Each structure stands twice: as C-alpha cells, then as structure tokens.
Amino acid sequence: MKLAHKDFKFIVDFSNGNCPVIVIENSKFFRQYVSEMYEQYSGVDGHFVMSLNWEPIPISKNIFMVTDVFNMTLNGRKQINMLIKKLEEISLSEYFIQKTLEAKRSLEDWLYTLEEEIPLPLMHDEEICIANLIKASGIQFEGENLPVPEKLDAFIKICAEFFGIKLLVFVGLHTCLEKEELEQLYKTAAYQEVAVLDFERIEPDIILPNEKLYIIDKDGCEIYTD
C-alpha cells in the first residue's frame, strides 16, 4: 500500500511493516497538508492518493484519522452505528434468531399492557426495529476513561474489527507517547493488520526501527533519510 501527494516527490510506502512518519517543519504547510488529509478522510476531494497494488482506493473508506489523541472517542457516531449494525446482524443469525423473536414478543406484550393504562386510542409500529431497540439501550464501548496509550490500543482494535480499514492516520504520536508505548501501538496495529501513519511538526528524538521518516523542511524542501 502506498500514499502520494501531488506536491511530494516521495511516495509513502507501507510495505514490509513500515510505519511512516511525515515531519512537516513549516507550520503553514503542516496545517495545509494535515487539514487536506482530514478533509479527504471526511469525503472531500483532495490531492492525496492512496493505492493498493498501484490501484487507487478511496481514502474516505479506507482510513480513520485522529488529529487529537487526547480528545479522541471510542464511541463516535461511526463507531456506534457500526456496533449497532453488527449487533443487529448477530441478533438475526441462526443462533440468536429464536431469542430475538422471543424478546420482540415480550416487548410487544409489554407495550400492549402499557397502552391499556391510557384511556385513549393508541398505536405503535407493528414491526419492532431491532436496530432502534439496540440503540435505545445506550450500548457503547467501554474505555473512554482509559489512559491515552490503552485507549489507543482499544481504538485500533475497534477500527480493525468494525471498519476493516487499511490505514490509521494520527497527528503527534511522538509528542504524547513514550518509546515503549509507541512500540506497543505498532505491535497492536500489526496484529490487527492495520497500517499506521503519523504526522509530526518536528523531527522526533527517537526513530524506531520500523519507522520510515519523510521530512519536509521549513522551506518546503524534502529531506531524504536512510
């Protein structure tokens, strides 16, 4: 898998377990490219091109981006919608369908009993929506109050399990994680078969063996590292 941009001579390569780190030393350029990546993640057209076996693939469907690890959530709209969809599929599976039908019958009986307590004609949907029922329960992933490293670990697992994404894009991992914490993050991502890309404002003090550094200096020149 590769990532390119019309302004970059380099092509970011994720093969062989590489974890690329793009350092953009100029603040204006940093804002520009990180914002553009986020816009494309949100579905807006842009100049980043992601490819698999040299065939372009849509960025919005194949990445998840976190611009602030301190304020990220395990229970955003996308995560909750996918969780509900997955639980609905399970509820209608061969193993669970009988329990689901029994639960629906019990709920219908309960609703009719409640309606009898109101001295006016009432009605409700004849077919109870399982997805709406699950959503009404307030179900969500645990772990919102975990420390950042553990929360990142849970976040990667959720993204891999429910979205089947190919790339997680972060901003500032080196700024807020110690060497051992980064190693654990990369280990989790590798196990889940998800690539990781990190944008940094300054060159990190320590570069891990599996990290590949791409640097754009303050003048917009590309610096190539071994």
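Computed from a predicted structure; not experimentally measured.

Visitor: Would you take a moment to explain the packing of aromatic side chains for this structure?
Guide: Aromatic rings considered in pairs are described by the distance between their centres and by the relative angle of their planes. The final tally for this structure, using the stated rule, is 10 aromatic pairs. The interplanar angle of 50° and the centroid separation of 5.6 Å between the aromatic rings of Tyr41 and Phe64 together place this pair among those described as tilted. Here Tyr41 is found in helix H1 (residues 27-41), whereas its partner Phe64 is found in strand E6 (residues 63-66), with 23 residues between them in sequence. Here Tyr41 and Phe64 have matching classes, each one buried. Considering the side-chain rings of Phe141 and Phe162, the 5.4 Å spacing of their centres and the 70° angle between planes classify their relative orientation as edge-to-face. With Phe141 in the loop between helix H5 (130-136) and helix H6 (148-163) and Phe162 in helix H6, this pair connects stretches of sequence that are 21 residues apart. As far as burial versus exposure is concerned, Phe141 and Phe162 are alike and both buried. One aromatic cluster is present, built from ring pairs that chain together Phe8, Phe10, Tyr33, Phe48 and Tyr214. Just above the ring of Phe64 sits the side chain of Lys78; from NZ or CZ to the centre is 5.7 Å. Lying over the aromatic face of Tyr214, Lys212 brings its terminal NZ or CZ to 6.0 Å of the ring centre.

Reading the values: rules and limits
Residues numbered from 1 in each chain as written. Predicted model: local features only at pLDDT ≥ 70, side-chain atom pairs only at ≥ 80, totals over all residues. Heavy atoms only, no water. Phe/Tyr/Trp six-rings, centres within 6.5 Å; stacked < 30°, edge-to-face > 60°. Helix = DSSP H or I, 4+ residues; strand = E, 2+ residues; numbered from the N terminus. Buried < 20%, exposed > 50% of the residue type's maximum accessible area, 1.4 Å probe, protein only. Lys NZ or Arg CZ within 6 Å of the ring centre and 35° of its normal.

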